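Summary of the model geometry
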Amino acid sequence: MVALPMEAREVTREELDHEFPTVDVLTKWHAGEEAEWPPEDDLNIGAPEMPPLRFNVGQNVLCRVGPTEWHKGVIVQQWYRETTWPAGAWAPYKVALEDGRSIFAPGDMDQIIKAAPP
């Protein structure tokens, strides 16, 4: 699904060309083939302008994974996003948990992610 934050009458050709999958991508999807969308380069737009975070890559943390359940992990990426997320949607952290799972922290607050005890 493609969504633009405007009324249909306000959409320009330039915005469609930038936001909508190319003919090649649509053709591959129609044929049931994999096609990268949005392009990998588009995933990194905006990250450098993001505010600083409390934890750095490589830092040990505790992540909330349930109402009262916390798991140890390590920060593997700041300002993570997935290709299926809407434009401008970012998670502050991607975390590798000790149990082998890879998760993201949707917010940079102690209720979600906190420093692991030494």
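Shown above is the structure to which this text applies.
Below: a short report on this structure. Here the residue numbering is sequential within each chain, running from 1 through the sequence in written order. Where totals are concerned, whole chains, interfaces and linings use all residues; where local detail is concerned, this predicted model gives features only for residues with pLDDT of at least 70, and gives and counts side-chain atom pairs only at 80 or more. Side-chain numbers here rest on the full set of heavy atoms in the structure, without hydrogens or water.

Section: the nonpolar core
The nonpolar side chains of soluble globular proteins are, as a tendency, buried together. We call a set of buried residues a nonpolar core when its members are Ala, Val, Leu, Ile, Met, Phe, Trp, Tyr or Cys and they connect through side-chain atoms within 4.5 Å of each other. Only protein chains enter the calculation, and the probe is 1.4 Å; a residue is then buried if its accessible area is under 20% of its type maximum, exposed if over 50%, and partly exposed in between. Ranked by size, the top nonpolar core spans twelve residues in total: L53, F55, V61, C63, I75, W79, W90, Y93, V95, L97, A105 and I113. Secondary structure elements are taken from DSSP: a helix is a run of H or I of four residues or more, a strand is a run of E of two residues or more, and numbering for both begins at the N terminus. Counting residues per element, the ones that place at least two in this core are β1 (60-64), β2 (70-80) and β3 (91-97). With three residues, β3 is the single largest residue contributor to this core.

Considerations on the sheet that holds strand β5 (residues 113-115)
By this definition, two strands are paired if DSSP reports at least two bridges between them. Pairing within the open sheet is antiparallel, and its five strands lie in the order β4-β3-β2-β1-β5. Single-partner strands in this sheet number two, and they are β4 (102-105) and β5. The sheet shows a mean angle of 45° between the axes of neighbouring strands, taken without regard to direction. To get an axis, a line is fitted to the C-alpha atoms, and for a helix only the part in contact is used. The angle between two axes follows their N-to-C directions and goes from 0 to 180 degrees.

Some thoughts on the packing of aromatic side chains
Centre distance within 6.5 Å is the pairing criterion for rings of Phe, Tyr and Trp, where only the six-membered ring of Trp is used; planes under 30 degrees apart are then read as stacked, over 60 as edge-to-face, and the remainder as tilted. Applying the stated criterion across every chain yields a total of four aromatic pairs. Aromatic side chains Y80 and W85 sit 5.6 Å apart centroid to centroid with 85° between the ring planes, which places their arrangement in the edge-to-face category. Judged on exposure class, the residue Y80 and its partner W85 are both buried. Each member of the aromatic cluster is reached from another via a ring pair, and the members are Y80, W85 and F104. The ring of W90 has R81 sitting right over it, with the charged end atom 5.4 Å from the ring centre. Either the NZ atom of lysine or the CZ atom of arginine qualifies as a charge over a ring when it sits within 6 Å of the ring centre and within 35 degrees of the ring normal. K114 extends its terminal NZ or CZ atom over the ring of W70, reaching a point 4.2 Å from the ring centre.

Here's the deal with the environment of H71
Here H71 shows up in strand β2. Once the C-alpha coordinates of H71 and V61 are considered, the two residues, ten residues apart in sequence, prove to be 8.3 Å apart.

Quick look at a nonpolar patch on the surface
For patch detection, residues must exceed 30% relative accessible area and be free of salt bridges, and they are connected within 9 Å for like charges or within 5 Å for nonpolar side chains (Val, Leu, Ile, Met, Phe, Trp, Tyr). Residue exposure ignores everything except the shown protein chains as possible cover, and the areas themselves are Shrake-Rupley values with a 1.4 Å probe. We count a salt bridge whenever a side-chain nitrogen from Lys or Arg sits within 4 Å of a carboxyl oxygen from Asp or Glu. A contiguous nonpolar surface patch, about 340 Å² in accessible area, is contributed by L16, F20, L26 and W29. Tracing the backbone shows L26 in helix α2 (residues 23-30). Overall, the relative accessible area of 33% leaves L26 in the partly exposed class.

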